[in-house]
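A closer look at the structure
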Amino acid sequence: DMILTSGNVQKTQLEESPLLDNISIQVLGSVRNLKDSKTTSVKGDNLYCLVIPEGIDSEINQLFQFSLECAWALTEVTFIWRLHPLFSFNKLSVRNRFYKTLPDNIVISENELVEDFNKCQWVLYRGSSAVIQAVVAGLKPIYLHTSGEMKIDPLYEISNWKNEVTTINDFEKTMKGQIGSYQNYSQAEKYCLDMYTPLDHNVLIDTLREI
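No experiment lies behind these values; they were computed from the predicted model shown. (Residues numbered from 1 in each chain as written. Predicted model: local features only at pLDDT ≥ 70, side-chain atom pairs only at ≥ 80, totals over all residues. Heavy atoms only, no water.)

**Section: the overall build of the protein**
- Secondary structure summary: the protein contains 8 helices and 8 strands in total.
- Taken along its principal axes, the extent of the C-alpha atoms in the protein is 60 × 40 × 35 Å.
- Of all 211 residues assigned to the protein, the portion counted as buried reaches 43%.
- When the accessible area of the protein is evaluated, it comes to approximately 11,900 Å², of which 50% is carbon and sulfur surface.
- Between the centroid of the 19 positive side chains of the protein and the centroid of its 27 negative side chains there is a distance of 4 Å. (Helix = DSSP H or I, 4+ residues; strand = E, 2+ residues; numbered from the N terminus. Buried < 20%, exposed > 50% of the residue type's maximum accessible area, 1.4 Å probe, protein only. Areas by Shrake-Rupley, 256 points an atom, 1.4 Å probe, with all protein chains shown as cover. Lys, Arg positive; Asp, Glu negative; His and termini not counted. Charge placed at Lys NZ, Arg CZ, Asp CG, Glu CD.)

**A few points about the layout of surface pockets**
- Approximately 260 Å³ is the volume attributed to the largest pocket.
- Taken together, 14 residues make up the lining of the largest pocket; nearest its centre are Leu83, His84, Pro85, Ser128 and Ala130.
- Partitioned by chemical class, the residues of the lining of the largest pocket number 6 nonpolar, 5 polar and 3 charged. (1 Å grid on protein atoms, 1.4 Å probe; cavity = no way out; pocket = protein on both sides within 12 Å on 5 of 7 lines; lining within 4 Å. Points joined across faces, edges and corners; volume = space filled by probe spheres on them. Nonpolar A, V, L, I, M, F, W, Y, C, P; charged D, E, K, R; others polar.)

**Looking at the packing of aromatic side chains**
- For the coordinates displayed, the defined rule picks out 6 aromatic pairs.
- Where Phe64 meets Phe89, the ring centres are 6.0 Å apart and the plane angle is 10°; that geometry is what we call stacked. With a gap of 25 residues between them, Phe64 in helix α2 (residues 57-73) and Phe89 in helix α3 (residues 89-95) connect regions that are remote in the sequence.
- A network of ring pairs unites the aromatic residues Phe64, Trp81 and Phe89 as a single cluster.
- The aromatic ring of Trp161 is capped on one face by Lys140, whose charged end is 5.7 Å from the ring centroid. (Phe/Tyr/Trp six-rings, centres within 6.5 Å; stacked < 30°, edge-to-face > 60°. Lys NZ or Arg CZ within 6 Å of the ring centre and 35° of its normal.)

**Description of the pairing of strand β4 (residues 77-81)**
- For β4, the buried fraction is high: 5 of the 5 residues fall into the buried class.
- Because side chains alternate across β4, one face comprises the buried residues Val77, Phe79 and Trp81, and the other comprises Thr78 and Ile80, equally buried.
- The sheet contact formed by strand β3 (residues 47-52) and β4 spans 5 bridges and is parallel. Along β4, the bridge assignment pairs Val51 with Trp81.
- Note on the crossover from β3 through α2 to β4: the handedness is right-handed.
- For β4 and strand β5 (residues 106-108), the ladder comprises 3 bridges, and the chain directions are parallel. Bridged to Trp81 within β5 is Ile108. (Pairing = 2+ DSSP bridges. Right-handed = clockwise from strand over helix to strand, strands pointing away.)

Below is the structure:
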């Protein structure tokens, strides 16, 4: 009978579908507070890239394997690996032998997410919604795409403040390129903030009263 979304971005996307013309779509909001993602520290001269896979075995292996190969090729870049809370690195290293011996520029994170945001200039991702928080924190997103697959990019509508890579060579070019203009970032930041607007209980209460 109706659809409640977590933000204005999703509301706009759904309103563009003719199949939903007769369905009420309203923004309920979310308990996520993206403003907590904002960082105040100044990034240093060292190059850091945060790697954030979804909580799916295949996605973890794909992102970590790719970033491991990048780490061997680009020793000047430090990659910070984060896991979804449902997974642990101890269990991961048992299943995947290549995780047991890592180069010095691979760091396994045990920090709070915001602490990793403070260090990093880039974030390597695929389907993880944590990339939305990363953009609000000022990181530039790099989407890893496999040729021939359907994209699972949560930021598919963002173009200027984002790179897409398929090979290590693509990633290297991204590291050596300009990070982008402030105008590009401010547009991406607004987009991400509009994905999770503050929760408005009255939207749900008023709807239930009407029913």
